[in-house]
Structures are given as C-alpha cells and as structure tokens.
Amino acid sequence: MSQNAQTAIPVISSTGLFTPTDSISNEELVASYNAYADRYNAANPDAEPLTHSSVEFVEKASGIKSRHVIDKAAILDPDIMEPRYRERPNDEISLMAEIGVAACRDALAKAGRDIADVDAVLCAASNMQRGYPAMAVEIQHELGMERGFGFDMNVACSSATFGIQTAADYIRSGNARSVLVVNPEITSGHLNWRDRDSHFIFGDVATAILVEAKDMAPSTHWEILGTRLKTQFSNNIRNNFGFLNRAHGNGPVDQSGPHNDKLFVQEGRKVFKEVVPMVGQMIIEHADSLGLTGADLRRLWLHQANAGMNRLISHKVLGREANEDDSPTVLDTYANTSSAGSIIAFHTHNEDLNAGDIGLICSFGAGYSAGCVFVRKVA
C-alpha cells in the first residue's frame, strides 16, 4: 500500500437523486384514509370506531404536505391501501436496484466520473428487497462495474451517514479510492397506510453519494472533516418483518399477510423526547472535538422525519432559532424518506454555499442510531 493511499483525504465528490413521478397530497391521503375508516366502522359496529384523519392533523404532527411514491393508485384505493408492484423475474432488474442505479448515474454524471473508476458500491437503506444476492451487487452489475465489490448495510434512517463513514474509512486506509453509497428507500412498502397516527409519514426516493480520494475528485467538492456514529438500543421504532416470521408459533402459522408489527411501528412521543437531546448533544460534542462551534456552521442538513425535531436540534446546536437557510426542509414535499432524507436536503441545498463554508449532514432514527458528517466546501 502506498503512503499516498494511507493518507488519502476522503471527500464527497457529488450526490445523485431519483424522485418518483407520483406524488400524494395530504388532501388525497386523508380522503382515502377517511373513506377506509367509514367502511371499517360500518362493517364493524361493535368495534371501537376509527377516527377520521385531517390535513390539519397531519401537518401539525409532522410538517409534511405531500410525498412521492412509486405506486399512487393502489395506496389511495380504500380496498387496497398498500403499494402494488409487478413481481419481476430473476433475469430482470429488481425495483430497488433500478431506482438505486438511477441515483448512482446522476451522481456519476455530476462528478464527470466513469463507473470504471469506482471501486465499491455500498447499498445503505432501511429495508432490503431481498436477502441475497446483495442489492449492492446487483446495482454494481447493472452499472457495468466489472471490478471491485459491493455489500448491503442497514442502520435504518442512519444508513446513509453510516455508509459515508464506511466509505471514508476505506479511502483513508487505501482499500478504495472511489465509493458509491446508494440509498434506495421504498418506504411505502413497510408503512401501515391504515394507521391514522402514521399513514402520512413516509415517501419513496433514492439518493447516492460519491465518496472519493481528494486527489481524484472534481475541483468543486466537499472535504469530510469528521464523522461520528452512535447507536443505543430502543424498541420505540421497530419493524418485526423478517425471514423467521413463518417459523413463529406452535401450530399452523397465519401467513395471510403482514400483521401490524410486521410493518413500521413507533412510539412517536417517546422517540421525540429521547432522540432530540441525544442527537443535539452528539452534534455539539463532535463539533467541539473538531474545534468547531455552532457559529462556524453555515448549514445543517438534518434527517427529514419531523419538523419539530429539526427545529429543536438546530436551536440546540446553533444557540438560536434556525431559519430555512440555516436548516433547509425537504420534508414538506418528500415526507420521511428514511436514510435518504438528509442527503436530499444536502443534494438540493448546497450549491449556494461558498468555498470554505462548513456544514453538517446528520441522520438519526431507529436503533436508536445517529450519524454526523461535518463537511467543508472546496471550490
């Protein structure tokens, strides 16, 4: 291994984004849910009635106004209320790989990079379409990357920042010089669209981050000043879907469809109360270790899960109320896109920054997990 490889400086050369064309407004979503609730209540007169949702409730609870999805029609159909995707044969690219490839190609094009220059693909997302072959290896194959390696990693909503640190570590060690971290998030597939308290939360998207050695990066890039990861076990955000589900029970196992706990479930108030101080303190301590304060940060690209959480975290870090320029929001039109959220915010709100400006990419979520990536613009 050369000395240059040992001391390589990791940077973010570019990012990519794939956005589905379908979008569901709060008005459409609420109308669908309320129609379902009315049907349920009429069919189950002795059960506890379902309460209507409302646009006002959704926006007050989350700050979300709409969300992109791959399949709008089935989600809004009160008789279905979950996405429907055509099952693809094994010789056709999978849906998750397809949107991941689109985001990767966008990132490669923005950096002027050929796939032949890339050494590794990390597919970092909150759910994988299958156990194996790895989604990353399929994405690698579809991109035409004939050398190198790929693997999947899942740290829920923090997957992208965990992937960035992993890629940066490969570059520092000399094990790679160019790494694609891709985050295909088809979160509509694990959302319970029949649950009033969560049916509005998620949307579909894919992002990609090209992490490279500084000496091969385009002239405009983002130097990675430091990364920090944290995990702390909690059941307050959970999804019990997995390959052992069919083995549960002493008698015949009900496989008629996923039960509520096999979809996304959370204790929202507990999450809010516990995650906000954890993440705020983590950012401050990480910044301090780098010799930075809130006054040094030009912009925060935070995880896009809840507007109230971001407001409180930003205030703790900056020492003042943050405005849209300090901490931009994409939550209103994309909803929560799990690991992709902070990357969408970075992708769509970084070009106006000047050389030398410092910012923070931060994600947090189930686990609990949290990841910080401090970056400085080089132009």
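Summarised in this report is the structure supplied together with it. (Residues numbered from 1 in each chain as written. Predicted model: local features only at pLDDT ≥ 70, side-chain atom pairs only at ≥ 80, totals over all residues. Heavy atoms only, no water.)

## Structural notes on the overall build of the chain
Helices and strands together make up the secondary structure of the chain, namely 11 helices and 13 strands. Here the C-alpha radius of gyration of the chain, 21 Å, is about what a compact globule of 379 residues would show, namely 21 Å. Look at the contacts in the chain between residues 6 or more apart in sequence, and 79% of them connect residues 24 or more apart. Carbon and sulfur atoms form 49% of the exposed surface of the chain, whose accessible area is close to 16900 Å². The averaged location of the 47 negative side-chain charges in the chain is 4 Å from the averaged location of its 33 positive side-chain charges. (Helix = DSSP H or I, 4+ residues; strand = E, 2+ residues; numbered from the N terminus. Rg over C-alpha atoms; globule rule 2.2 N^0.38 Å. Contact = heavy atoms within 4.5 Å. Areas by Shrake-Rupley, 256 points an atom, 1.4 Å probe, with all protein chains shown as cover. Lys, Arg positive; Asp, Glu negative; His and termini not counted. Charge placed at Lys NZ, Arg CZ, Asp CG, Glu CD.)

## As for the state of the cysteines
Disulfide: a covalent bond formed between the sulfur atoms of two cysteine residues. Summed over the entire model, instances satisfying the criterion amount to zero disulfides. The structure places no disulfide on Cys104, whose sulfur is separated from the nearest cysteine sulfur, that of Cys123, by 8.4 Å. Under the relative-accessibility criterion, Cys104 is labelled buried at 0%. (Disulfide = S-S within 2.5 Å. Buried < 20%, exposed > 50% of the residue type's maximum accessible area, 1.4 Å probe, protein only.)

## Brief notes about the side chain of Ser234
Here Ser234 shows up in the loop between β8 (221-231) and β9 (237-238). Among the polar contacts made by the side chain of Ser234, one reaches the main-chain amide nitrogen of Asn236 at a distance of 3.1 Å. Those residues within four positions of Ser234 in sequence are excluded, and the remaining contacts are Glu274, Gly367 and Tyr368. (Polar contact = N/O pair within 3.5 Å; in protein donor to acceptor, adjacent residues only side chain to side chain.)

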